[in-house]
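# Breakdown of the fold
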Amino acid sequence: MIAVIIDIVASRDVDTRRRMKLDKILRETLSIVYERFRENCVAVPTLTQGDSVELLVTSWQPIVFLFHRLLVDGFEFRVGFGTGDIIIQKEHADECDGPAFWNAREALNEIKSMKYMDRSAGFKFDEKTTDRETNVVVHSILIYTTLLGLSTAQMQHCFYYIWEKKRVSEIADITGTSKGNVSKSLSKTPCYLLEKVMSF
């Protein structure tokens, strides 16, 4: 099983009004993740009181979709991946427990403790981790680091192209720019390659 814990950076430092808005955006996004990828979610994705998002999944799609959506919405975050057994107590991810979550938390804490290295993702594998689980984690991290290299506009255009299957003209209408700008933006990104990679 794969547990993912996402720590939203600096969310505790914002004022109450902004915090409530961020909370609403995150909860709506998690609802979308669950509705779109229910078959890949072992439990309902959850936003905890500590401003962390917890996922329990079997594939990379809900993970990468969530990463991409959070980045488009302007969130900065760190993420810890863990594999291992899970004790499913109730339907929500934060109500589950077990080595996969312990490993994800340990990976996240390791990132936070690094004072001289800027890392956004970490992982800890259980000794019984399958090749499939390893591939899901590696796949997710590689796509995440690729997305981090895009500009805000490129990130947005890629999101609509990959996940919403929008044409260039539709993306231009949604984002309020020209078709030429969207086409130029997408051509300077690995968006088309990512789309092919994600089809497997």
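First things first, this report covers the structure right here in the doc.

Procedures and definitions
Residues numbered from 1 in each chain as written. Predicted model: local features only at pLDDT ≥ 70, side-chain atom pairs only at ≥ 80, totals over all residues. Heavy atoms only, no water. Helix = DSSP H or I, 4+ residues; strand = E, 2+ residues; numbered from the N terminus. Buried < 20%, exposed > 50% of the residue type's maximum accessible area, 1.4 Å probe, protein only. Contact = heavy atoms within 4.5 Å. Expected span 1.5 Å × (residues − 1). 1 Å grid on protein atoms, 1.4 Å probe; cavity = no way out; pocket = protein on both sides within 12 Å on 5 of 7 lines; lining within 4 Å. Points joined across faces, edges and corners; volume = space filled by probe spheres on them. Nonpolar A, V, L, I, M, F, W, Y, C, P; charged D, E, K, R; others polar. Core = buried A, V, L, I, M, F, W, Y, C linked by side-chain atoms within 4.5 Å. Arc of directions from axis to C-beta.

### Some thoughts on the environment of Gly 122
Residue placement: Gly 122 occurs in strand 5 (residues 121-124). The exposure class assigned to Gly 122 is buried, which follows from its relative accessible area of 1%. Taking C-alpha positions, Gly 122 is 10 Å from Val 138, a pair spaced 16 residues apart along the chain. Residues within four places of Gly 122 in sequence aside, it is in contact with Val 79, Gly 80, Phe 81, Ala 107 and Ile 111.

### With respect to unusual backbone geometry
Look at Lys 165: it is not a glycine, yet its phi comes out positive at around 55°. Mapped onto the elements of the fold, Lys 165 is located in the loop between helix 5 (152-162) and helix 6 (168-175).

### Some points on helix 2 (residues 61-72)
Helix length check: helix 2 (twelve residues) gives 16 Å between terminal C-alpha atoms against 16 Å at 1.5 Å per residue, within 8%. A large share of helix 2 lies buried, amounting to nine of its twelve residues. Buried residues of helix 2: Pro 62, Ile 63, Val 64, Phe 65, Leu 66, Phe 67, His 68, Leu 70 and Leu 71, and no others.

### Focus on the layout of surface pockets
Of the voids in this model, the largest pocket is the one considered here, and its volume is about 230 Å³. What lines the largest pocket is a set of 15 residues, and nearest its centre among them are Phe 77, Arg 78, Asp 118, Arg 119 and Ser 120. Contributions of two or more residues to the lining of the largest pocket are made by strand 4 (77-83), helix 3 (99-113) and helix 4 (131-148). When the residues that make up the lining of the largest pocket are grouped by side-chain class, the tally is nine nonpolar, one polar and five charged. Approximately 160 Å³ is the volume attributed to the second largest pocket. Contributing to the lining of the second largest pocket are twelve residues, with Arg 19, Asp 23, Leu 47, Thr 48 and Asp 51 lying nearest its centre. If you tally residues by element for the lining of the second largest pocket, the top one is helix 1 (residues 16-36), at five residues. Looking at the lining of the second largest pocket residue by residue, the classes come out as five nonpolar, three polar and four charged.

### Details of the nonpolar core
Counting residues in hydrophobic clusters, the biggest one holds 49 residues, and the most contacted among them are Val 4, Ile 6, Phe 77, Phe 81 and Trp 163. Looking at which element gives the most residues to this core, the answer is helix 2, with seven residues. Not counting chain neighbours up to four residues away, the residues in contact with Phe 77 comprise Ile 6, Asp 7, Ile 8, Val 9, Phe 67, Leu 70, Leu 71, Ser 120 and Tyr 144. In terms of nonpolar packing, the next biggest core, distinct from the first, is built from eleven residues, Ala 100, Phe 101, Ala 104 and Leu 108 among them.

### Observations regarding helix 1
Between its terminal C-alpha atoms helix 1 stretches 30 Å, which fits the 30 Å expected from 21 residues at 1.5 Å a residue. If you check which residues of helix 1 are buried, you get Leu 22, Leu 26, Thr 29, Leu 30, Val 33 and Tyr 34. The buried residues of helix 1 occupy an angular sector of 135° when the element is viewed end-on, so they sit on one face. Those residues of helix 1 that are exposed and angled more than 90 degrees off the buried face are Arg 17, Met 20, Lys 24 and Glu 35. Turning to helix 1, the residues buried within the fold contact strand 1 (2-8), strand 2 (46-47), strand 3 (52-57) and helix 2.

Distances and angles like these do not, on their own, reveal function.
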